[in-house]
Amino acid sequence: MANKTNSLHPLVYWAQTKDQITLKVDLKDAKAPYVLFAEKSVKFSSEGYGACGFNAYNFELIFYSNIDEEHCSYRVYDSKVELLIQKCECNSWPRLISIPQKPHWLRIDFDRWQTEEEMLEDEKPRNVLEDYSKELQRVQKEEFGYLKESTKKVYMVFYNLAQFIGYLYILIVMGLMYYRDGIMSMPKTYESVGNAMKFCQLLQYLEVLHPIFGYTKGSALMPFFQVSGRNFILFFMVEMEERMQTKPVIFYVFVIWSIVEVIRYPYYLSNIFNLEIRLLTWLRYTIWIPLYPMGILCEGVIILRNLPYFEETKKLTVELPNKWNFYFSMTGFMKIYLLLLILPGTFLVMSHMAKVRAKKLKGKRVGSNFNSDCK
């Protein structure tokens, strides 16, 4: 039987180019490796055949500089696990880790890169508190009894927690009403949880600002379109037309939106604390496969059902003549929006999520004859 000790480290060989770090973990027949990339670190654990036979091996590295964790990946081979780590800045590092002392199990991959010492002259001044962050946290906890967190981290925890509670509240209320009244509860959905849904959806515009102010990575464009798309349905198609508020489709679209969010926000919370919950990660990047098409279908039904209502009331339609000499047909806009939502909109959202899923749920076993340079 394998020894399950957590103190064994595999041999790790490293090499670099100006834009990438390569780590080769000397572990044969690795079983479902756990790899977590963070802003400036990587954690690894797996069972496999290493220097001490078949055992559980693990390590954590705090890098010399920041990495782009969104574009890091790993591959599992029969005889090793290879980690491809993307640097944030295109330059050579004088060493791999933040502190000068190198662990005995970390070695240079001479097959890929010949020397490390020749770049020491390029080393820039270091922040000692940053390099020894773990030791600083340990001392801080012993001194104060707790760890001081940054304002950004505290804000992100409260934001994600508040959104999770909001969408969970919506699901619970709808579930209790359905349990009590069955399908007769559906016409009362908007009356019961409409205000909560509007509040949560408006609050999501903060997610457009987060990447702008550096609170999260990525572009602000994609969350802007996603949040605005939902809010167009909620505030223009539902809030402005009372006859739509009692339709069963509102129940379905609220359920779909809420299920997506009660999985998404706990996943973000786990990332803030550098926790990897595999089931939660899998759900976050898998649950959209059935739910996104269903949500788009429900949103399309809402627009389609609203066409005769907006044609009758002329809401938001600007007719000629007027002092601006401007004409706008809301029903025409709804038809164009419906076409864009169903065809290119669905394709763009699904393809984007498929790419993100492939990155997040990466790590496949590759035969020993596989060309490691293939992308």
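Here's what I pulled together on the structure shown here.

What follows is about the overall build of the protein chain. Along its length, the protein chain carries 10 helices and 10 strands. Considering the protein chain as a whole, with its 375 residues, one finds that 42% of them fall into the buried category. Taking contacts inside the protein chain between residues at least 6 apart in sequence as the whole, the part at least 24 apart equals 69%. About 21,100 Å² of surface is accessible on the protein chain, with carbon and sulfur atoms providing 62% of the total.

Before going further, it helps to spend a moment on the packing of aromatic side chains. All told, the structure shown has 23 aromatic pairs when counted by the stated rule. Aromatic side chains F232 and Y337 sit 4.6 Å apart centroid to centroid with 40° between the ring planes, which places their arrangement in the tilted category. With F232 in helix α6 (residues 221-238) and Y337 in helix α10 (residues 330-360), this residue pair connects regions lying 105 residues apart in the sequence. Judged on exposure class, the residue F232 and its partner Y337 are both buried. When the centroid spacing of 6.3 Å and the interplanar angle of 85° are considered together, the rings of Y265 and Y268 count as edge-to-face. Here the residue Y265 and the residue Y268 both occupy positions in helix α7 (residues 248-272), the gap between them amounting to three residues, near one helical turn. Y265 sits in the buried class, given a relative accessible area of 0%.

Take a nonpolar patch on the surface next. On the surface, F273, L275, I277, L279, W282 and L361 cluster together into a nonpolar patch covering about 580 Å² of accessible area. Position of L361 among the secondary structure elements: in the loop between α10 and β10 (365-366). For L361, a relative accessible area of 31% puts it in the partly exposed group.

All right, on to the nonpolar core then. Ranked by internal contacts, the top residues of the largest apolar core, which has 48 residues, are I233, M237, V238, I250, F254, I302 and I303. Mapped by element, the contributors of at least two residues to this core are α3 (151-181), α4 (189-203), α6, α7, α9 (288-313) and α10. Top contributing element to this core by residue count: α7, with 12 residues. With near-sequence residues (within four places) excluded, I233 lies in contact with V238, W257, E299, I302 and I303. In this structure, L23, A30, W105 and L106 belong to the second largest nonpolar core, which totals 32 residues.

So, on to the side chain of Q245. When you line up the elements, Q245 lands in the loop between α6 and α7. The exposure class of Q245 is buried, given its relative accessible area of 16%. A distance of 3.1 Å separates the side chain of Q245 from the backbone oxygen of V238, its partner in a polar contact. Ignoring anything within four residues of it in the chain, the contact list for Q245 reads P187, Y190, V238, E239 and I250.

Below, the discussion takes up the packing of α7 against α9. Orientation of α7 relative to α9, taken along the N-to-C sense of each, is 145°, at an axis distance of 9 Å. Crossing handedness for the pair α7 and α9: left-handed. Of the residues in α9, those touching α7 at V249, I250, Y252, V253, I256, W257, I259 and V260 are L291, Y292, M294, G295, C298, E299, V301 and I302. Taken together, the residues that form the contact of α7 with α9 break down as 14 nonpolar, one polar and one charged.

Here we take up the pairing of strand β5 (residues 41-50). Where a strand is regular, its side chains alternate between the two sheet faces. One ladder, built from six bridges, connects strand β4 (residues 28-37) with β5; its direction is antiparallel. Note on β5: the bridge partner recorded for K31 is E47. Two strands pair when backbone bridges link them, and β5 and strand β6 (residues 53-62) are joined in this way by 10 bridges, in the antiparallel orientation. The partner of S45 across the bridge, within β6, is N58. In this structure, the hairpin formed by β5 and β6 is closed by a connection of two residues.

Let us now look at α9. When the terminal C-alpha atoms of α9 are compared, their 36 Å separation across 26 residues agrees well with the 38 Å that a helix rising 1.5 Å per residue should span. Remark: the principal bend of α9, roughly 35°, maps to L307, with a proline, P308, within the next four residues. Trailing α9 by a residue or two, K314 shows a phi angle of about 60°, which is positive.

What follows covers the environment of I303. Note on placement: I303 falls in helix α9. Note on I303: relative accessible area 0%, which makes it buried. Taking the C-alpha atoms as reference, I303 lies 6.7 Å from M334; in sequence the two are 31 residues apart. Filtering out sequence-adjacent residues up to four positions away, I303 remains in contact with F232, I233, M237, M334, Y337, L338 and L341.

Reading guide: rules and limits
- Residues numbered from 1 in each chain as written.
- Predicted model: local features only at pLDDT ≥ 70, side-chain atom pairs only at ≥ 80, totals over all residues.
- Heavy atoms only, no water.
- Helix = DSSP H or I, 4+ residues; strand = E, 2+ residues; numbered from the N terminus.
- Buried < 20%, exposed > 50% of the residue type's maximum accessible area, 1.4 Å probe, protein only.
- Contact = heavy atoms within 4.5 Å.
- Areas by Shrake-Rupley, 256 points an atom, 1.4 Å probe, with all protein chains shown as cover.
- Phe/Tyr/Trp six-rings, centres within 6.5 Å; stacked < 30°, edge-to-face > 60°.
- Patch = residues over 30% accessible without salt bridge, like charges linked within 9 Å, V, L, I, M, F, W, Y side chains within 5 Å.
- Salt bridge = Lys/Arg side-chain N within 4 Å of Asp/Glu carboxyl O.
- Core = buried A, V, L, I, M, F, W, Y, C linked by side-chain atoms within 4.5 Å.
- Polar contact = N/O pair within 3.5 Å; in protein donor to acceptor, adjacent residues only side chain to side chain.
- Axes fitted to C-alpha atoms, helices over the stretch in contact; angles between N-to-C directions.
- Left-handed = near helix turned anticlockwise from the far one by under 90°.
- Nonpolar A, V, L, I, M, F, W, Y, C, P; charged D, E, K, R; others polar.
- Pairing = 2+ DSSP bridges.
- Expected span 1.5 Å × (residues − 1).
- Bend = angle between axes of the 7 residues up to and from the residue.

Limitation: the analysis is restricted to geometry and does not speak to function.
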